[in-house]
Amino acid sequence: MYPIFFRLPSWLPFMADAPITSFGVFMFLSFLTGGMLLRSEMERAGHDPDRAWDLVFMAVLGGVIGAKVYYVLLNYESLLGNPFSAIFSRGGMVWYGGFAGALLLIVFEIKRRGLPLGQVADLCSPTLALGYAVGRMGCFLVGDDYGRPTASWVGIKFPNGTPPTRVEDIERYFGVQVDPALVERFGQVVPVHPTQLYEIAMASLIFLVLWKLRIHEHRPGWLWWICLTLLSVERFIVEFVRVKDDRFFGPLTIAQVIAIALVLLGLWGVRRTWSVGGESQGAKA
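All values reported here derive from a predicted model rather than from experimental measurement.

What follows is about the overall build of the protein. Scanning the protein from terminus to terminus reveals 11 helices and 2 strands. Starting at the N terminus and ending at the C terminus, the protein contains elements arranged as β-β-α-α-α-α-α-α-α-α-α-α-α. Residues counted as buried form 46% of the 285 residues belonging to the protein. Of the roughly 14700 Å² of accessible surface on the protein, a fraction of 68% belongs to carbon and sulfur atoms.

Before going further, it helps to spend a moment on empty space enclosed by the protein. By rolling a water-sized probe across the atoms, one finds the places where empty space is left. The full count for this structure, using the stated rule, is 1 cavity of 30 Å³ or more. Of the voids in this model, the largest cavity is the one considered here, and its volume is about 60 Å³. Around the largest cavity, the lining residues are Trp95, Tyr96, Phe99, Leu128, Cys227, Leu228, Leu231, Ser232 and Leu262. Elements that contribute at least two residues to the lining of the largest cavity include exactly α5 (95-112) and α10 (222-238). With 4 residues, the top contributor of residues to the lining of the largest cavity is α10.

Along the chain, Arg242 falls in the loop between α10 and α11 (254-273). A polar atom in the side chain of Arg242 sits 3.0 Å from the side chain of Glu239.

Inspection of the secondary structure assignment puts His193 in the loop between α8 (180-186) and α9 (195-213). For His193, a relative accessible area of 16% translates into the label buried. Here Tyr198 takes part through its side chain, which lies 2.9 Å from a polar atom of the side chain of His193. Apart from residues lying up to four places away in sequence, His193 is in contact with Tyr146, Gly147, Arg148, Thr150, Ser152, Val154, Tyr198 and Val241.

Here we take up the pattern of salt bridges. Taken as a whole and judged by the stated rule, the model has 16 salt bridges. Linking Glu109 and Arg112 is a salt bridge whose minimum nitrogen-to-oxygen distance equals 3.2 Å. Remark: Arg112 and Glu109 occur in helix α5; sequence separation between them is 3 residues, near one turn of the helix. For Arg242, the salt bridge identified is with Asp145, shortest N-O distance 3.6 Å. Of this pair, Arg242 sits in the loop between α10 and α11 while Asp145 sits in the loop between α6 (117-142) and α7 (167-174), and the two are 97 residues apart along the sequence. Ionic contacts of the salt-bridge type, sharing partners, join the residues Asp48, Arg51, Asp54, Glu109, Arg112 and Arg113 into one network.

So, about unusual backbone geometry. A cis amide bond, omega 0°, links Thr162 with the succeeding residue Pro163. Relative to the assigned elements, Pro163 resides in the loop between α6 and α7.

Going through the model one piece at a time under the given rule, you end up with 8 aromatic pairs. Taking 6.2 Å as the distance between ring centres and 15° as the angle between the ring planes, the aromatic pair formed by Phe99 and Trp224 counts as stacked. With Phe99 in helix α5 and Trp224 in helix α10, this pair connects stretches of sequence that are 125 residues apart. Both residues of the pair, Phe99 and Trp224, belong to the buried class. Each ring, one from Phe236 and one from Phe240, has its centre 5.2 Å from the other, and the planes form 90°; the classification is edge-to-face. Grouping aromatic residues by their ring pairs yields a cluster made of Phe140, Tyr146, Phe158 and Phe174. Sitting above the plane of the Trp211 ring, Arg214 keeps its charged end 3.7 Å from the centroid.

Its place among the elements puts Gly147 in the loop between α6 and α7. Considering only alpha carbons, one finds Gly147 and Pro191, 44 residues apart in sequence, at a separation of 9.2 Å.

Interhelical geometry of helix α1 (residues 22-44) versus α6 gives an angle of 165° and a closest axis separation of 8 Å. It follows from the interaxial angle that α1 and α6 lie roughly antiparallel. In the packing of α1 onto α6, the handedness of the crossing is right-handed. Classifying every residue of the contact of α1 with α6 gives 15 nonpolar, 8 polar and 2 charged.

Right, let's talk about the confidence of the model for the protein for a bit. Looking at the protein as a whole, its pLDDT mean stands at 87, while 87% of the residues score no less than 70. This stretch, residues 278-285, has a pLDDT under 50; its non-local contacts, to residues over four places away or in other chains, come to 29 contacts.

This next bit is on the packing of α9 against α10. At a closest axis distance of 10 Å, the pairing of α9 and α10 adopts a crossing angle of 160°. Taken together, α9 and α10 sit at an angle that is classed as roughly antiparallel. α10 is crossed by α9, and the crossing has right-handed handedness. The residues of α10 that touch α9, namely those facing Thr195, Tyr198, Glu199, Met202, Ile206, Val209, Leu210 and Leu213, are Trp222, Leu223, Ile226, Cys227, Leu230, Leu231, Glu234, Arg235 and Val238. In the contact of α9 with α10, the residues fall into 13 nonpolar, 1 polar and 3 charged.

Scoring rules and cut-offs
- Residues numbered from 1 in each chain as written.
- Predicted model: local features only at pLDDT ≥ 70, side-chain atom pairs only at ≥ 80, totals over all residues.
- Heavy atoms only, no water.
- Helix = DSSP H or I, 4+ residues; strand = E, 2+ residues; numbered from the N terminus.
- Buried < 20%, exposed > 50% of the residue type's maximum accessible area, 1.4 Å probe, protein only.
- Areas by Shrake-Rupley, 256 points an atom, 1.4 Å probe, with all protein chains shown as cover.
- 1 Å grid on protein atoms, 1.4 Å probe; cavity = no way out; pocket = protein on both sides within 12 Å on 5 of 7 lines; lining within 4 Å.
- Points joined across faces, edges and corners; volume = space filled by probe spheres on them.
- Polar contact = N/O pair within 3.5 Å; in protein donor to acceptor, adjacent residues only side chain to side chain.
- Contact = heavy atoms within 4.5 Å.
- Salt bridge = Lys/Arg side-chain N within 4 Å of Asp/Glu carboxyl O.
- Phe/Tyr/Trp six-rings, centres within 6.5 Å; stacked < 30°, edge-to-face > 60°.
- Lys NZ or Arg CZ within 6 Å of the ring centre and 35° of its normal.
- Axes fitted to C-alpha atoms, helices over the stretch in contact; angles between N-to-C directions.
- Parallel < 35°, antiparallel > 145°, perpendicular 65-115°, else oblique.
- Left-handed = near helix turned anticlockwise from the far one by under 90°.
- Nonpolar A, V, L, I, M, F, W, Y, C, P; charged D, E, K, R; others polar.
- pLDDT = per-residue confidence, 0-100.

Dropping the structure here:
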């Protein structure tokens, strides 16, 4: 894969030889893509389109803070051992933490600007799904968030991943015992499920569904609850093949338990905002 696209020139002050990672590039592209799409949707709905970039900024700020908070809470041992590294390292961009942090600041910004919460949430829904798909490509290129070892045709090796898909690294970092038959067949670097690509495909499909439904006749917020439900189902499914060390609920990971709660919440929201024969809210949202 391509964890580092290139390095900055050595003559640059403060940032000499700093790596430009594929993860960072695609994180930037995810927010840029989302912002451009949201700007178009805000304009279509009759809102100031430049407010879209305010919401994107809040998403970036809240996403980084929330992801880090979630990460250090899950890895409190590393926080106690080396607080500076745990907080300011490049790693630790956990999806649900980032999602919660971004959601809080976006809601704050919507309220501060006096925008209709439910309608703007509907406008943000396709943006969220598409941005997630773009961002996961960065995870794929850097070799992060991959799945369990597999001998199937879909398996991909990440020799320079974070961590590499070496047997010793998988067993050390994730507590997953690698099948000796895989080691005999592939050596010390084994193929794994490319869960990043699975998520890109599912998130892209969700985007298409949301885009098709974005002009609807239900109450404001209906599309947002659909988005939350579908993305939570997607995460629940993919977690079954993710290589994880946090299966504290039997076969389920923490992310799956959270996903179940969000699916129930999403279905409740869909039912609450369901309206038959009402005025088209999506066109105004």
